[in-house]
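# Structural features, examined
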Amino acid sequence: MESAMLRLNAIVGQSTDPQFFEKLHHLQHEGRVERILLGSEDAARHRLRVRTDAGTECAISLPRDQRLTNGSILLLEEDRAVVVVMRDEQVLKLVPADAAAALELGYFAGNMHWPVRFHGAELHILMQGPVELYLERLDSLLASQRIALVPP
């Protein structure tokens, strides 16, 4: 018999909040904390369907003012909790040689629909595949030395 989909419509709190610590700790010891493993690309979404590590199918539909983060509690009941765990992100760090190269890199990354973050003068690309695919696409900018890789 197939179980019903669990509908999760709000973030209850964060697993680091003191008010939830004891309850989560107790449920953890009983093996009753289910985890939803997400990457940054899914955490930015407000609606998604996923499965927990226990196999529970979930439909997440959050208000626009809420965002999933590592430790977001989506369900906290007497006998079960559902918590978000973020995957480690693979990041490609790039630094442009000058302002013109920065504009070109930003334009290129945007056209590729790559999720990025800005850290000072660096552009961090949140990779969703093998690094070789990204380097191949960036080859002409790297070869011309208009951008450079930042060592990990």
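Attention here is on the structure that accompanies the text. Note that the structure is a prediction, hence the values are computed from the model and not measured. (Residues numbered from 1 in each chain as written. Predicted model: local features only at pLDDT ≥ 70, side-chain atom pairs only at ≥ 80, totals over all residues. Heavy atoms only, no water.)

## Here we look at the packing of aromatic side chains
- Counted according to the given criterion, the structure contains two aromatic pairs.
- Aromatic pair Phe 108 and Trp 114: ring centres 5.6 Å apart, planes at 80 degrees, arrangement edge-to-face.
- Judged by relative accessible area, Trp 114 falls into the buried class, the value being 12%.
- Seen from their ring centres, Trp 114 and Tyr 134 are 4.9 Å apart, and the 50 degrees between their planes marks the pair as tilted. (Phe/Tyr/Trp six-rings, centres within 6.5 Å; stacked < 30°, edge-to-face > 60°. Buried < 20%, exposed > 50% of the residue type's maximum accessible area, 1.4 Å probe, protein only.)

## Observations concerning the sheet that holds strand β11 (residues 147–149)
- If you trace the four strands from one edge of the open sheet to the other, you get β9-β10-β8-β11, paired in antiparallel fashion. The sheet is open, and its two borders are formed by β9 (116–119) and β11, each paired with just one other strand. Direction aside, neighbouring strands of the sheet carry axes that sit 30 degrees apart on average.
- Pairing of strand β8 (residues 90–96) with β11 involves three bridges; the strand directions are antiparallel. (Pairing = 2+ DSSP bridges. Helix = DSSP H or I, 4+ residues; strand = E, 2+ residues; numbered from the N terminus. Axes fitted to C-alpha atoms, helices over the stretch in contact; angles between N-to-C directions.)

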